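# Examining the three-dimensional arrangement
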Amino acid sequence: MKALILVGGFGTRLRPLTLSFPKPLVDFANKPMILHQIEALKAVGVDEVVLAINYQPEVMLNFLKDFEAKLEIKITCSQETEPMGTAGPLALARDKLVDGSGDPFFVLNSDVISEYPLKEMIEFHQSHGGEASIMVTKVDEPSKYGVVVMEESTGKVERFVEKPKLYVGNKINAGIYLLNPSVLDKIELRPTSIEKETFPKIAASQGLYAMVLPGFWMDIGQPRDYITGLRLYLDSLRKKFPAKLTTGPHIVGNVLVDESAKIGEGCLIGPDVAIGPGCVVESGVRLSRCTVMRGARIKKHACISSSIIGWHSTVGQWSRIENMTILGEDVHVSDEIYSNGGVVLPHKEIKSNILKPEIVM
């Protein structure tokens, strides 16, 4: 089988992290976001992944060469010269996706993190015999999204309602699709939307079915949702692979620590923390609801909550970092600094307090 991952644009909502790496290569739970998806695809027998991308394809491909060999999966790029929306890239990559076998192919949105029940999705697709399957997820506030109105018993999609004012349902498109090659005949080679143009067409001809996603789902394309996504992901690890989580007297709740990271004495770490490869956490540090990326150093008695510490950054002694502070790559925070929601661009030194959320250039 084949799969297309919609990588798309610049990842502006996750700046300053995406100033250093394309968004799919930003670490999530200690590995690049896109790797979570590629591993899940490989596990259900996908042997070729096409990345639909419109900037920095060299960076992506060089990076993924290592994983190609490790996972024994072919990874190629389909590059857009102009943004093609969410359906245009399928038309552009047509030759890579269609091999004459008639097998369906997966399409995934690169920002989505979930338990990826792809095996169940293949079974669902075969059982209904329609042209396309989409995953939907239940949300508390459907008015912020495009809602999928479907028959509960069969999953057949009746229509889509964009940001409904009145309640029509609580299931939204989860950004994971399984499509027959015939779907490509309905997509023109131009910037076009799969949600607004292609799927309504297929639904009108009774060929679109939706499967409710079991487990968690999060679009982690912006910092607050990234932190929430980490909590949901670690919760899911606790249920499915508890041995992957770190335990010990200084650990509270779900915590993921890379084996190459060093943690000092008297720390209190958790809940919902990921500490990446080569990180150094000195003694007496307090970490909760945060990510500390590869090569970062947290000095003695610092306290970090609800924040993201970028690659190779340093947080000084007795500093307090909180309220969605994001340090880009190689940021150095001096001792005894307070940051309340500071967003700091790469290669900066912070010598004075950040008292209210602001961007530090």
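Sequence positions are assigned chain by chain, starting from 1 and proceeding in written order. Owing to the predicted nature of the model, reporting of local features is limited to residues with pLDDT of at least 70; listing and counting of side-chain atom pairs is limited to 80 or more, with chain, interface and lining totals taken over all residues. Remark: hydrogens and water are excluded; side-chain values derive from all non-hydrogen atoms of the structure.

## Focus: the sheet that holds strand 25 (residues 332-333)
- Paired strands, in this sense, are two strands between which DSSP finds at least two bridges. Only runs of H or I of at least four residues qualify as helices and only runs of E of at least two qualify as strands under DSSP, and these elements are numbered from the N terminus. Overall, parallel pairing links the six strands, which are arranged 15-18-20-22-25-28 in an open sheet. Where the open sheet ends on each side, the last strands, each with one partner, are strand 15 (262-263) and strand 28 (349-350).
- With two bridges connecting them, strand 22 (residues 314-315) and strand 25 associate as parallel partners. Bridge pairing in strand 25 links V315 to V333.

## Concerning the nonpolar core
- Within the largest apolar cluster, 66 residues are counted, with the highest numbers of intra-cluster contacts made by I5, F28, I34, L41, L51 and F106.
- Here this core gets seven residues from one element, more than from any other, and that element is helix 7 (residues 223-240).
- Looking at which domains feed residues into this core, each of domain 1 (2-219) and domain 2 (227-359) gives three or more.
- Any two residues whose heavy atoms approach within 4.5 Å are treated as being in contact. With near-sequence residues (within four places) excluded, I5 lies in contact with I34, Q37, I38, L41, V49, V50, L51, A52, L108 and S110. What we call a nonpolar core is a set of buried Ala, Val, Leu, Ile, Met, Phe, Trp, Tyr and Cys residues that are connected through their side-chain atoms within 4.5 Å. Relative accessibility decides the category of a residue: with a 1.4 Å probe and only protein chains considered, values under 20% of the type maximum give buried, values over 50% give exposed, and everything between is partly exposed. For the domain bounds, the source is a domain assignment made automatically or taken from a database.

## Describing the layout of surface pockets
- Its boundaries defined by the atoms lining it, the second largest pocket holds a volume of some 800 Å³.
- Note on definitions: the grid is 1 Å and covers protein atoms alone; a cavity is a set of points where a 1.4 Å probe fits but cannot get out; a pocket is an open set with protein on both sides within 12 Å along at least five of seven lines; lining residues have an atom within 4 Å of a point. Lining the second largest pocket are 31 residues, with K31, H36, E39, Y233 and K244 sitting closest to its centre.
- Looking at the lining of the second largest pocket, the elements that each hand over two or more residues are strand 3 (31-32), helix 1 (33-43), helix 2 (57-71), strand 7 (112-114), helix 7 and strand 14 (255-257).
- Class assignment of the residues belonging to the lining of the second largest pocket gives a composition of 16 nonpolar, five polar and ten charged.
- Lining the lining of the second largest pocket are residues from two domains, each supplying at least three of them: domain 1 (2-219) and domain 2 (227-359). Grid points are joined across faces, edges and corners, and a volume is the space filled by probe spheres set on the points. In this count, Pro and Cys sit with the nonpolar residues alongside Ala, Val, Leu, Ile, Met, Phe, Trp and Tyr, while Asp, Glu, Lys and Arg are called charged and the others, Gly among them, polar.

## Structural notes on helix 2
- Multiplying 1.5 Å by the helix residue count minus one yields the expected span of that helix. The terminal C-alpha atoms of helix 2 lie 20 Å apart, and with 15 residues this matches the ideal 21 Å at 1.5 Å per residue to within 8%.
- Bend is the name given here to the angle between axes fitted to two runs of seven residues, the run ending at a residue and the run starting at it. Its maximal kink placed at L64, helix 2 deviates by approximately 35°.
- Residues of helix 2 that are buried: P57, M60, L64, F67 and L71.
- Directly beyond the C-terminal end of helix 2, a positive phi value near 50° is found at E72.

## Things to note about the side chain of T192
- With respect to the helices and strands, T192 occurs in the loop between strand 11 (171-179) and helix 6 (194-204).
- For T192, a relative accessible area of 6% translates into the label buried.
- We define a polar contact as two N or O atoms separated by no more than 3.5 Å, with the added condition that, inside protein, one atom must be a possible hydrogen donor and the other a possible acceptor, whereas residues neighbouring each other in sequence contribute only through side-chain atom pairs. One polar contact links T192 to E197, side chain to side chain, over a distance of 3.3 Å.
- For T192, the contacting residues outside a window of four places in its chain are M84, G85, T86, A87, G88, I187 and E197.

## Regarding unusual backbone geometry
- Here the bond from R15 into P16 is cis, since omega is 10°, no more than 30 degrees from zero.
- Tracing the backbone shows P16 in the loop between strand 1 (2-8) and strand 2 (27-28).
- Following G270, the chain continues to P271 via a peptide bond in cis, the omega torsion being 0°.
- Its place among the elements puts P271 in the loop between strand 16 (268-269) and strand 17 (273-275).
- In this structure, Q206 takes a positive phi of about 65° despite not being glycine.
- Its relative accessible area of 46% is what places Q206 among the partly exposed residues.
- Phi at W318 is positive, roughly 55°, even though this residue is not glycine.
- Turning to its location among the elements, W318 is positioned in the loop between strand 22 and strand 23 (320-322).

## What about the packing of aromatic side chains?
- Between 30 and 60 degrees the pair is tilted, below 30 it is stacked and above 60 it is edge-to-face, where a pair is any two Phe, Tyr or Trp rings, Trp via its six-membered ring, whose centres lie within 6.5 Å. A full pass over the atoms with the stated rule returns five aromatic pairs.
- Judged by centre distance (4.6 Å) and plane angle (55°), the rings of F21 and W311 are tilted. Here F21, found in the loop between strand 1 and strand 2, pairs with W311, found in the loop between strand 21 (303-309) and strand 22; they are 290 residues apart in sequence, far enough to count as distant. An identical accessibility class is assigned to F21 and W311; each is buried.
- Taking the centre distance of 5.3 Å and the plane angle of 85° together, the rings of F28 and Y226 count as edge-to-face. Of this pair, F28 sits in strand 2 while Y226 sits in helix 7, and the two are 198 residues apart along the sequence.
- The exposure class assigned to Y226 is buried, which follows from its relative accessible area of 0%.
- Grouped by ring-pair contacts, the aromatic residues F28, Y226 and Y233 constitute a single cluster.

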